[in-house]
Amino acid sequence: MQESPKYWKGIEELENSPEFVHNALSEFGSFMPVKERHASTDETVAPRRDFLKLMGFGLAAATLASCEAPVRKAIPYLNKPEEVDPGIANFYASTYFTGQDYNAVLIKTREGRPIKLEGNPESPITRGGLSARAQASVLSLYDSERLQAFTKNGDRNAKIDRDQIDQEIRTALASAGRIAIVSPTIISPTTKRAIAEFAGRFAGTEHVMYDAHSASALLRANGGVVPGYDFGQASVIVSFGADFLGTWISPVEYATQYITNRKVSSDKKTMSRHFQFETNMSLTGSNADVRVAVKPSEHGKAVLALYNKLVGGSGAALQNQALNEAINKAAAELRAAGSRGLVVCGSNDVAEQTLVAAINAALGNSGTTINPNAPSLVRQGDDQRMLNLINAIGQGQVGAVIFYNANPVYDHPMGDQLKQALQGKKVGLTISLNPTLDETGSLCTYQCPDHHWMESWNDYEPKRGFLSLSQPVITPLFKTRQAQETLLTWAGNPNTYYNYLRNSWRGVLGGNFQGGWDKAVHDGVATGTLSGASAAQAGPTMSADAAASAIASAPAVSGIELMIYEKVGVGNGCEANNPWLQELPDPVSKATWGNYVTVPRAMAVEQKWEQGDVVRVTTGKGKIAELPVLIQPGQAQGTIGIALGYGREKAGKVADKVGANVYPMMVLRNGGLVGATTAQVASTGARQPIAQTQTHHTIMDRKPVVQESTLAQYRENPKEVTEYDKIATPEGLEKPNKVSLWQDYEYKNHHWGMAIDLNSCIGCGSCVIGCQVENNVAVVGKQEVINRREMHWMRIDRYYSSDAHKSDFETKGKLATYAAMEDPSDNPSVIFQPMLCQHCNHAPCETVCPVLATTHSSEGLNQMTYNRCVGTRYCANNCPYKVRRFNWFSYYSNEKFETVNGHMFTDLGRMVLNPDVTVRARGVMEKCSMCVQRIQLGKLEAKKQKRRPKDGEIVTACAQSCPTQAIVFGDMRDPESRISKILRREDGERAFHALDAINVQPNIAYLTKIRNVEKSAEKPVA
Amino acid sequence: MSSYRLRPFSHWLLALFLTFTAVGQLAAQDAASVSKEGVTPGAAPAGAAAAAAGTAAPAGDAAAIAAGDALFKGNCAQCHAVNDVVVGPALAGIDKRRPMPWIIKWVKNSSKVVASGDEYAVKIFNEYQKQQMPSFALSDAEITSIVAYVKSAEGAPVAAKDPAGTAVDTSEGKGVSDAAGAGKYMNAVLIVLVVVLIVLVVTLVIIANIMKDVLRGRKDLDGRDVEILEQKTDWAAILKSGWLRGVVGVLFVLVILYESIQGLMAVGLSQGYQPAQPIAFSHKLHAGEHQINCAYCHTSVYKSKSANIPSANICMNCHSQIKTTSPEIKKIYRAIQRQQPIQWVRIHNLPDLAYFNHSQHTQVGGIQCQTCHGPIEKMDVVYQYSALTMGWCINCHRETPLNTKGNGYYDNLVKLHNDANAGAPFTVSSNGGTECSKCHY
């Protein structure tokens, strides 16, 4: 019998709270607010007189404005660069790396302005994928918070000559004694060479790298490098708290690898098996086949148990029965997989990492799932050295500190001590090379801002043997200077960094240097290595036996345990001042704008907390954070989770005072900073709503719109994995499209469509940001998200599912099944579904528009014409997928949105807008256009070359940015296109339309998710 | 009696009104026919070009000449004309003056020929102020075809050199004369009508007066007749009468309504907009007299959405040598010196909500620049020729057949269209060219 789990979008739906029912029944949050001055509440209804006044004024203004057309200027280049043609986009290969994840990118520029980032398909590491954070980073180039010139004491308006600053600094450095350069991980070999040259000039210079979310223990257990994991080779993956698809080390790289062995088709009916043991519900955990919620205190014990099973050693069985069973199962499967097994661990405890390394060695996976020749270099931070440095600074032993894109006052647990030392002038010379006046930079004497990476030349070596380059794609916007050049200047080297970089590449490119260099700049990537041996970590390593006994003898922990984690969007917080990232819904909690305390439902019930109640979290060190509660299904019992990256003080107007900073809560364990500790949690009585999107735009309460099945069933009979709706007709049960009121369209030219593989979608949100950048989608801010008025054209629906199945009613009885369904939120399965305009062939929106502003095109697109729309919102009301968005405000000119959507307000920020897409005005409806501007461009290019468009030439922004290629876009009229082939292959197997029964005939098809679980849906409970 | 006298007057008014309406409509139709003819010159210039080539060089290879024509306009026309000295010498008779191999060598690298001490080359170099002709990466065949074109165009009247311009010229001239002819005819009819009416009215008035006089002479009139005879038109009563006020009121309202609708429809319309530009650049001189191809300056018109305004370095290609003392050209030098780009006033302003792509129309559609921009080669100061309204766009999309010839993109579509309804033309709109999101997104 077909399993039919019940899906629910959140706790509210499950509990059927009055608010949820109200929201589900009404399409729009509240009535139209004519009066906008009152910032947060829209309860004020404008009186009639105001309306008339506005109307009269508007009429008068329109009349006046129409008297004379404004004189517009057309300003051509004085000397046009040869490769720039107005109206034609240029793409330049470059590299994004800000100390978090590495991405090889292509930068799209128009008239010399970067407007969008796309993945570089040439890269063997990221293979054309791009993370949400990298997508959004184009906005940081135009951030008005950037320092615009060299200055002193954080004075933005001081007009100080740069040469004078250089002179002062050089003099001060000469007599500084001990000098420290503090930076996050630097993977640029030439930058390191420049720093080494600086150190050669000023003896006593020490370069300290630290990572805000450190992997120091992993490095210590693996000889100073991150092992070269290859998830694509693995048939069994066991992850202990490593969110490798979302935030851990190099998520895009890992996601592209991971998905190669997760896709299924009629040709390949195998997939890897993925165990996840974790505390918070992470993106990776929600994709796992078997997910077990464990407390942080059980984490080490679980690793030890697996070590005992696989490597040998005796230990008592785990007390947690479910965990024990899962570990046994994982051990058995790993043993069977042998060298095709892979164990990863996200903990920063060196004992755990040592055991994991030993397990991997025992599996013999070196050469298969771990490439020993290509270790990853994207984490090199050393917690111990950073701690030593901060202590030395506090004691006044350091003569000069240079912060190079590092912000330890904010993102280091000892930030407060450092802040006091800097304020107390314990260091003679403090220099910040940070691009903004952030928490650390504002405390320094000299601010010598670095270029943005899109304004700089640089090289990168993310994995040994794999090089990549970044090149400037815009003339520096401000009077900044590339940090490497600054260091070289101070060291007395007059060379430009460009020449310096070329010189250091002479070794790898060999023979024809100019030819090789041109190719490397063009491709953005190259092979070869420029990095020396990795520096050993300062902290001691451990033997496996010592590690085992250290874990076994760890003291028992009582009370509530706190697990600090990173979110997919904001990450470690260094790019928090990016409104796109702040408004990107967290893949799992679907919360935007700020962090919160995730608690399991049982704890909330016990403590009588409701979602949004503010609690005070106090950790052992007396650090306090007051944050609202979010009930998170899948959170381990007796634990809470809080995200890093929020609570910035001096990031800029977007990020300041959003959420609370929990870096101070991290603790030192075995020489590494870990985010797991114990905490007291107390109610404060206050309430603070969380801006969640999860229950917005609730899909009709009908049949599930997502479908899933198991690998076993898929193997047995692929025709049975998807349940197709049938409707009753006089001739019996028929497919819904057999009966229709409407005439079908005939597509002669193109018929655009999309296939979204739910098995490949990991829910990372890259497409959401890609769409936002491409289509000039406005940011609306926290209050408007709470008002259910977010503007994202594309959202990723996340459904939790309960374990109850139809068969339960027969076997367990009705009452017992209903009772079980009421409490399924301890460790639910998760399924992600990208939801966007389905471009229905029988679109319900088209028939209700009174002014024909939304119509059907001869190529299958559901067209939205903004200039015709009068804003009745009938279409949104009639849309069964809830994908239409209404412009309640002028998001580009209403002062209420200046903080969050500021880039649309200034000439500087507007440079990021896509000139081919209209910025929508207030009062019109908008929605996914299937990137019609890209379709039109692709067709035009083909016509110019007198041929038909080739498949793959035209891709939408979402399909382009997907790291796992879950979205395939193409012409369904072309029988040879990828989408046609997929739909032919999957017809009757996995392909289905959401809400098929209502017969709107979408042009977007979904492919059923397949889980690699046993058919009876095993479900370990935490 | 007054009713008799008033009726002719009202008839006369009605006749006058009808006549004016008819004339107005005719004129409007003429205007429409002009704009229609202006829209489809795509075929006419080609025909004219072929005709010109055919008559001037019956023995020549028409294809080579056509190719040479295009190459000449793209590469040579900035500095050379066939029959006139521009920057360089007139090219007429070049094939007789120099042998072909010499010409090829010269075009490919003139400075090399001069440096080799070739007597003719040195002479011509000195004669033209030691200005070097730039090198052109043309193939031998291409240079031969240019020479073939020069031969074909020798001695031809100036008009034959610019078939496109001429075609536009003639088609427009025809339209204008048509309109004028129709107008004259209508005027004559109108004058005759008016004269007849005046004569009628005068006659009627005379008859009425005579009748009155006759009646006055008689004494046997009864009271009613006397009343009629003595009756005076009560103008005040007419003025105060309800129906007149009603008619005037309605007319007034209608006129106001009409004017306001016309005014509103013209909001944002800037047809004929002809602002003064910072530099008095003349398209008439460059594109008209010197025959410089549009794409020489507007470099991206065939490949991009925008037909870019030329950058100052393009002006300098020629004006580093030509007319260097002109005060207008000195403005360009100044701009370059000061590193301040020239701020031209934009004439064609589409609203931001409409997407327009030049290359779609020029490269793919094969539309001439003049179709939308008007007789640009005759404009000293450019003005907005077309209305640039949505109605204007849509109309053209409805009427213009797609330029499908030789374009693989359309092959199957043409077949499908012909299978479905071979009679109807395969217009832009029948291929979805009037759908909203072709231009609005």
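If you check an unreviewed UniProt entry, chain B appears there as C-type cytochrome from Hymenobacter busanensis.

As annotated in an unreviewed UniProt entry, chain A is 4Fe-4S dicluster domain-containing protein from Hymenobacter busanensis.

1. Observations regarding the overall build of chain A
Helices and strands together make up the secondary structure of chain A, namely 33 helices and 44 strands. A compact globule built from 1022 residues should have a C-alpha radius of gyration of about 31 Å, and chain A, at 29 Å, falls within 12% of that. Dimensions of chain A, computed from C-alpha atoms along their principal axes, come out at roughly 95 × 85 × 65 Å. Relative to its 1022 residues, chain A shows a buried fraction of 56%. Taking all contacts inside chain A whose residues are at least 6 apart in sequence as the whole, residues at least 24 apart take part in 75%.

2. Observations concerning the interface of chain A and chain B
Facing the 40 residues of chain A at the interface are 46 residues of chain B. Mapped onto the side of chain A that touches chain B, the elements with two or more residues apiece are β2 (73-74) and α31 (932-944) of chain A. For the side of chain A that touches chain B, the element with the most residues is α31 of chain A, which contributes six residues. Among the residues forming the side of chain A that touches chain B, the class breakdown is 15 nonpolar, 13 polar and twelve charged.

3. A few points about the nonpolar core
Core analysis: the biggest nonpolar cluster contains 279 residues, and Leu306, Leu355, Val597, Ile642, Ile756 and Ile967 of chain A have the highest contact counts within it. Tallying contributions element by element places helix α13 (residues 350-363) of chain A first for this core, with eight residues. Apart from residues no more than four positions distant in its own chain, Leu306 of chain A is found in contact with Ile327, Ala330, Ala331 and Ile359 of chain A. Of all hydrophobic cores here, the second largest spans 28 residues; its members include Trp106, Ile146, Tyr149 and Ala287 of chain B.

4. A closer look at the domain arrangement of chain B
Entries for chain B in the domain assignment read domain 1 (1-233), domain 2 (235-267) and domain 3 (391-441). A C-alpha centroid distance of 45 Å is found between domain 2 of chain B and domain 3 of chain B.

5. A few points about the sheet that holds strand β3 (residues 89-96) of chain A
Residues and elements named next belong to chain A. Read from one edge of the open sheet, three strands run β3-β4-β5, paired in antiparallel fashion. This sheet does not close on itself; its edge strands, each paired only once, are β3 and β5 (113-119). Averaged over all adjacent pairs, the angle separating strand axes in this sheet is 30°, with direction ignored. With eight bridges connecting them, β3 and strand β4 (residues 103-110) associate as antiparallel partners. Pairing of Tyr96 across the sheet is with Asn103, part of β4.

6. Some details on the domain arrangement of chain A
When the parts come together, some accessible area is lost, and that loss is often what is quoted as the size of the interface. All names here are of chain A. For chain A, the domain assignment lists domain 1 (7-26 + 696-1011), domain 2 (151-215 + 381-461 + 475-504), domain 3 (226-376) and domain 4 (558-692). Contributing elements (two or more residues each) for the side of domain 1 that touches domain 4: α24 (766-774), α25 (782-786) and β35 (795-801). In terms of residue class, the side of domain 1 that touches domain 4 is built from eleven nonpolar, eight polar and three charged.

7. Quick word on the pairing of strand β19 (residues 466-470) of chain A
All names here are of chain A. Burial analysis of β19 places five of its five residues in the buried class, the great majority of the element. In this antiparallel pair of consecutive strands, strand β18 (residues 458-463) and β19, the connection spans two residues, and Gly465 shows a positive phi of 95°. Both β19 and strand β20 (residues 525-527) contribute to a ladder of three bridges, which runs antiparallel. Paired with Phe466 across the two strands is Thr527, which belongs to β20.

8. Considering the sheet that holds strand β10 (residues 236-240) of chain A
All names here are of chain A. Pairing in this open sheet of four strands is parallel, and the strands run β12-β11-β10-β13 from one edge to the other. The outermost strands of the open sheet, each flanked by one partner alone, are β12 (290-293) and β13 (341-345). Looking at each pair of strands side by side, their axes are set apart by 10° on average, direction ignored. When strand β11 (residues 273-278) meets β12, the two strands line up parallel, connected through four bridges. Directly across from Phe275, in β12, lies its bridge partner Val290. Of the strands in this sheet, β10, β11, β12 and β13 touch helix α12 (residues 321-337), which is tilted by about 140° from β10.

Procedures and definitions
- Residues numbered from 1 in each chain as written.
- Chains lettered and ligands numbered in written order.
- Predicted model: local features only at pLDDT ≥ 70, side-chain atom pairs only at ≥ 80, totals over all residues.
- Helix = DSSP H or I, 4+ residues; strand = E, 2+ residues; numbered from the N terminus.
- Rg over C-alpha atoms; globule rule 2.2 N^0.38 Å.
- Buried ≥ 20, exposed ≤ 12 C-beta atoms within 10 Å, placed from the backbone.
- Contact = placed C-beta atoms within 7 Å.
- Nonpolar A, V, L, I, M, F, W, Y, C, P; charged D, E, K, R; others polar.
- Core = buried A, V, L, I, M, F, W, Y, C linked by C-beta atoms within 7 Å.
- Domains from an automatic or database assignment.
- Pairing = 2+ DSSP bridges.
- Axes fitted to C-alpha atoms, helices over the stretch in contact; angles between N-to-C directions.

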